[in-house]
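Notes for the structure review
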Amino acid sequence: MAGKQRVVLFLLFAFLLPHLGYSWGFFAHQRINRLAVFTLPPEMIGFYKKHIRYITENAVNPDRRRYAVEWEAPRHYIDLDVYGDSALYKMPRFWQQAVELYTEDTLQAYGIVPWHISLMKYQLTQAFKERDLDRILRLSTEMGHYVADACVPLHTTQNYNGQFTGQRGIHGFWESRLPELFSGNYDFFVGQAQYIEQPQLRAWDLVASAHTGLDSVLYFEKQLTQAFDEEKKYSFEVRNSLTTRVYSRAFSEAYSDKLNGQVERQMRLAIRTIASYWYTAWVDAGQPDLSTYPKVLTAEEQQRLEMEKKEYEAGPHKPREEGDN
Ligand SMILES: [Zn+2]
């Protein structure tokens, strides 16, 4: 093939290749879960530190699973705008009341993240009572994932990837590209985990905080797109030996400046809240002495993790569009 044709074809493919995006990106999810461990009180920190590798590496399992298991996806988001303008204030905070008002099918169709977080908090409390290491680790880790997702503005809207406003790709931009570029400079000292008096309502506080930031997320990107030429907005990077189109550094910096610390604030909120949920579950279980708990996962659980990993590697991962949440 002639050189020029080849370049054209190559560029075409580069544009068609999906930018592999996940909620918060693998990078941010792992970072958030890991940092949450360090905010725990002395009675808990030793136990969680011992398992910090598990808690970090498996932080992304819910995203890996969502392409294989149908019930997984709705746990990661809630499309609040489906329920009208003041949905944030009007939605029933408790699952039973929400089901009565909207039916379970509707809730599952538009996402259940806040209710799922409170269910997990309940399950984690039970696991602590039962001294069940497998479940303590799994629930702590995966709850960290959902709490972090609930802090992402684009996880609270049907327009989750800017697909209705000509901003396709914004999802991965906000939650993967920005943290990858700039989180080295974020301040992750968030203080100690705090007891949560009303776990069900706290999950809604996260959603509220995320949803309140949604207008800025969309508006500033649109504003900057008008100010930037197309070729300055994007650049190319080689990732996993594939050339991928990414938002350029200059565009990312300008966006990050406009957002004025929003990504950092939401990451900090996630870290603090995850640890607080872990702490609350442990307190509600009667503050058990964790040094007397089993130290290694059961053979069954190790096997289950292996299987889940293999299933993910074998696919199917498609279809997945750019920045799919
Ligand atoms: Zn997710």
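Structure: above.
Quick caveat: nothing in here was measured; it's all calculated off a predicted structure. (Residues numbered from 1 in each chain as written. Predicted model: local features only at pLDDT ≥ 70, side-chain atom pairs only at ≥ 80, totals over all residues.)

1. Describing the overall build of the protein
Counting secondary structure elements, the protein contains 17 helices and two strands. Across the 325 residues of the protein, 38% fall into the buried class. Here the analysis covers contacts within the protein between residues at least 6 apart in sequence; of these, 80% occur between residues at least 24 apart. (Helix = DSSP H or I, 4+ residues; strand = E, 2+ residues; numbered from the N terminus. Buried ≥ 20, exposed ≤ 12 C-beta atoms within 10 Å, placed from the backbone. Contact = placed C-beta atoms within 7 Å.)

2. Here's the deal with the packing of helix α11 (residues 170-182) against helix α15 (residues 249-259)
One can describe the packing of α11 onto α15 by two numbers: an axis separation of 11 Å at closest approach and a directional angle of 95°. Taken together, the axes of α11 and α15 lie roughly perpendicular to each other. For the pair formed by α11 and α15, the contact residues are Arg 177, Leu 178, Leu 181 and Phe 182 on the first element and Arg 249, Ser 252 and Ser 256 on the second. The residue makeup of the contact of α11 with α15, split by class, is three nonpolar, two polar and two charged. (Axes fitted to C-alpha atoms, helices over the stretch in contact; angles between N-to-C directions. Parallel < 35°, antiparallel > 145°, perpendicular 65-115°, else oblique. Nonpolar A, V, L, I, M, F, W, Y, C, P; charged D, E, K, R; others polar.)

3. Regarding α11
In α11, a bend of some 30° at Ser 176 exceeds every other bend along the element, and Pro 179, a proline, comes one to four places later. For α11, the tally of buried residues reaches 10 of 13 residues, placing the bulk of the element in the interior. Of all the positions in α11, only Ile 170, His 171, Gly 172, Phe 173, Trp 174, Glu 175, Ser 176, Arg 177, Leu 178 and Pro 179 are classed as buried. (Bend = angle between axes of the 7 residues up to and from the residue.)

4. Points about the packing of helix α9 (residues 113-129) against helix α10 (residues 133-150)
Between α9 and α10, whose axes approach to 9 Å, the crossing angle comes to 160°. Judged by the inter-axis angle, α9 sits roughly antiparallel to α10. Here α9 runs over α10; the crossing is left-handed. Seen from α9, the contacting residues are Val 113, Pro 114, His 116, Ile 117, Met 120, Gln 123, Leu 124, Ala 127 and Phe 128; seen from α10, they are Arg 135, Ile 136, Leu 139, Ser 140, Glu 142, Met 143, Tyr 146, Val 147, Asp 149 and Ala 150. Of the residues contributing to the contact of α9 with α10, the split by class is 13 nonpolar, three polar and three charged. (Left-handed = near helix turned anticlockwise from the far one by under 90°.)

5. Things to note about the environment of Asp 257
Relative to the helices and strands, Asp 257 resides in helix α15. When the 11 C-beta atoms within 10 Å are taken as the criterion, Asp 257 is described as exposed. Distance in space between the C-alpha atoms of Asp 257 and Phe 220 is 9.9 Å, their sequence separation being 37 residues.

6. Things to note about the nonpolar core
If you look at the biggest cluster of nonpolar residues, it comprises 67 residues, and the most contacted ones within it are Ile 32, Met 143, Val 147, Ala 150, Ala 270, Ile 274 and Trp 278. Every residue in contact with Ile 274, bar those within four places of it in the chain, is listed here: Ile 32, Asn 33, Ala 36, Met 143, Gly 144, Val 147 and Ala 148. (Core = buried A, V, L, I, M, F, W, Y, C linked by C-beta atoms within 7 Å.)

7. Comments concerning the pairing of strand β2 (residues 242-247)
Bridge count for strand β1 (residues 234-239) against β2 is six bridges, and the pairing is antiparallel. Considered in β2, the bridge of Phe 236 is made with Arg 245. Counting the residues in the hairpin turn of β1 and β2 gives two residues, including Asn 240, whose phi is positive at 50°. (Pairing = 2+ DSSP bridges.)

8. Thoughts on unusual backbone geometry
With a phi angle near 55°, Ser 241 is a residue other than glycine that sits in the positive phi range. Assignment of secondary structure puts Ser 241 in the loop between β1 and β2. At Gln 287, a residue that is not glycine, the phi angle is positive and equals roughly 50°. You can see Gln 287 is positioned in the loop between α16 (262-284) and α17 (299-314). Assessed through the 13 C-beta atoms surrounding it within 10 Å, Gln 287 is described here as partly exposed.

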